[in-house]
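Structural description and commentary
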Amino acid sequence: MFSSAADSCSRRVFLITTLQVRPTRSSSAFLRTSITVSSHARTSASPCSSSSVVNAAMAAETSAKVIDGKSVAKVIREEIATEISRMKESTGVVPGLAVILVGDRKDSATYVRNKKKACESVGIKSYEVCLAEDSSEQEVLKYISSFNDDPSVNGILVQLPLPSHMNEQNILNAVCIEKDVDGFNPLNIGRLAMRDREPLFVPCTPKGCIELLHRYGVSIKGKRAVVIGRSNIVGMPAALLLQREDATVSIVHSRTKNPEEITREADIVISAVGQPNMVRGSWIKPGSVIIDVGINPVEDAKSPRGYRLVGDVCYEEASKIASAITPVPGGVGPMTIAMLLSNTLAAAKRANSFE
Ligand code: NAP
């Protein structure tokens, strides 16, 4: 069942006209005026607009820089391939990644196929185990144990979600910390949360978000950052990472009062919610940097698939107000796989004492 973009924006959003009075986008001198929208303006509104109001900042001429995750991920894959060749020449060893897939979810099968292809493209050897939906937890644990003991496997990834009869915690905890390339082992997350401790691995999606900020020269230190979402795999580790980089971090979640007001204070926003176009232009501080992790299918009769993918952030509105923004698709998504490859290379280097 797909949500529709318009449905997700049913909350009333007040129209804000943003007049930039200095030439630079980073200027804090913006005038905000609330005005009413005519029915004509509504019909020409962005695809994110609710039926009653739009954000007139859309009409501004300046546009945010696009943070191109696809291109950055390509560069990172090339860097990894070069490192793997160097490692192979020097030690005769190449990194290995084992992926365990349980069940027949099409989306999971696609993710696993893409990971396998990505591994091949950089020279990582991939090992794949596909188990039936009704397999037992013991069976999965048995494979994890054998991969834990196999020196040619440097990383182990269990594709989530697992079937409901399995205990995800038991299974993820069974992956030895040295091969936990997903970074979900509580020991890795615990170290991430503590001062002066280093996790062996950082979860791939939040790591990819921070890497994008670094590669685009966005300074994090001392900045106000808001992470929307607090899941174990994205929101929470993203907030920890930003804090480690000396940002002042607020976390917005489903029970947060005034999420719009809090988000509007942020110089950097990372959104990982799973609600199409939830973050409207009026939530964005002018000149801020927006990393949109959300991948949400919305109905689109014009698309051959009948749907298209959008982020958590209304791109059309936000890109007129922010200084830089990731698109969906083509932003964080490709970075997640690139970071998985990077974690696997790091695991192999560590296991083979290769610098
Ligand atoms: P999740 O486990 O469902 O977590 C969603 C988070 O958003 C929760 O913390 C939830 O708050 C919060 N939330 C839900 N509705 C909200 C609202 N109306 N206002 C504020 N916060 C709200 O999702 P996830 O696994 O983190 O994934 C989030 C999105 O990122 C999804 O679209 C997913 O497809 C995408 N994703 C993309 C990648 C990638 O590679 N690009 C990787 C992973 C995930 P509570 O904690 O209060 O429930």
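Quick look at the structure, then. These numbers come from a predicted model, not from an experiment.

Reading guide: rules and limits
- Residues numbered from 1 in each chain as written.
- Predicted model: local features only at pLDDT ≥ 70, side-chain atom pairs only at ≥ 80, totals over all residues.
- Heavy atoms only, no water.
- Helix = DSSP H or I, 4+ residues; strand = E, 2+ residues; numbered from the N terminus.
- Buried < 20%, exposed > 50% of the residue type's maximum accessible area, 1.4 Å probe, protein only.
- Contact = heavy atoms within 4.5 Å.
- Areas by Shrake-Rupley, 256 points an atom, 1.4 Å probe, with all protein chains shown as cover.
- Axes fitted to C-alpha atoms, helices over the stretch in contact; angles between N-to-C directions.
- Parallel < 35°, antiparallel > 145°, perpendicular 65-115°, else oblique.
- Left-handed = near helix turned anticlockwise from the far one by under 90°.
- Nonpolar A, V, L, I, M, F, W, Y, C, P; charged D, E, K, R; others polar.
- Salt bridge = Lys/Arg side-chain N within 4 Å of Asp/Glu carboxyl O.
- Near = heavy atom within 4 Å.
- Polar contact = N/O pair within 3.5 Å; in protein donor to acceptor, adjacent residues only side chain to side chain.
- Pairing = 2+ DSSP bridges.
- Core = buried A, V, L, I, M, F, W, Y, C linked by side-chain atoms within 4.5 Å.
- Domains from an automatic or database assignment.

Describing the overall build of the chain
Of regular secondary structure, the chain possesses twelve helices and 13 strands. Counting every position in the chain, which comprises 355 residues, the buried fraction comes to 48%. Considering only residue pairs separated by 6 or more positions, the chain has 69% of its internal contacts joining residues 24 or more positions apart. Counting only carbon and sulfur atoms, one obtains 52% of the accessible surface of the chain, whose full area is about 17,400 Å².

A short note on the packing of helix H3 (residues 69–91) against helix H12 (residues 332–351)
Here H3 crosses H12 at 20°, and the two axes come no closer than 9 Å. On the basis of their axis angle, the class for H3 and H12 is roughly parallel. Seen along the crossing, H3 lies across H12 with a hand that is left-handed. Between H3 and H12, the residues in contact are Gly69, Lys70, Val72, Ala73, Ile76, Arg77, Ile80, Glu83, Ile84, Arg86 and Met87 and Pro334, Met335, Ala338, Met339, Leu341, Ser342, Leu345, Ala348 and Lys349, respectively. Across the contact of H3 with H12, the residue classes tally to 13 nonpolar, two polar and five charged.

Here's the deal with the pattern of salt bridges
Between side chains of opposite charge, a pair can form as their charged atoms come close. Scanning the model with the defined rule gives 13 salt bridges in all. Close ionic contact of Glu317 with Arg280 constitutes a salt bridge, the shortest N to O distance being 2.6 Å. With Glu317 in helix H11 (residues 315–318) and Arg280 in the loop between strand S9 (268–271) and strand S10 (289–292), this residue pair connects regions lying 37 residues apart in the sequence. Exposure remark for Glu317: the relative accessible area of 0% places this residue in the buried category. Ionic contacts of the salt-bridge type, sharing partners, join the residues Glu79, Glu211 and Arg215 into one network.

Examining the site of the ligand
Around the ligand lies a shell of 20 residues, among which Arg230, Ser231, Ser254, Ile295 and Thr336 are the nearest. Measuring from an oxygen atom of the ligand, one finds a side-chain N or O atom of Thr336 at 2.7 Å. Starting from 930 Å² of accessible surface for the ligand in isolation, the protein chains cover 68%. In terms of residues, the shell around the ligand owes the most to one element, H12, which gives three residues. Among the residues making up the shell around the ligand, the classes are represented as eight nonpolar, eleven polar and one charged.

Examining the sheet that holds strand S4 (residues 96–102)
Spatially, three strands are ordered S5-S4-S6 in an open sheet, and the strand pairing comes out parallel. Strands at the two margins of the open sheet, each flanked by one partner only, are strand S5 (125–131) and strand S6 (155–158). The sheet shows a mean angle of 15° between the axes of neighbouring strands, direction not considered. Strand direction decides the pairing type here: S4 and S5, joined by seven bridges, are parallel. The partner of Gly96 across the bridge, within S5, is Lys125. Strands in contact with helix H4 (residues 106–122) are S4, S5 and S6; relative to S4, the strand with the most contacts, it is inclined by about 170°.

Remarks on the nonpolar core
Formed by 53 residues in total, the largest nonpolar core has its most connected members in Leu97, Leu213, Leu242 and Ile270. Here this core spans two domains, since at least three of its residues come from each of domain 1 (8–61 + 204–334) and domain 2 (92–182). Ala98, Val102, Leu162 and Ile171 belong to the second largest nonpolar core, which has 18 residues in total.

Some remarks on the sheet that holds S9
Pairing within the open sheet is parallel, and its six strands lie in the order S3-S13-S10-S9-S7-S8. Sheet topology places strand S3 (65–66) and strand S8 (248–252) at the edges, where each strand pairs with a single neighbour. In this structure, strand S7 (residues 224–228) lies alongside S8, joined through five bridges in parallel fashion. In the sheet register, Val226 faces S8, and the bridge partner there is Ser250.

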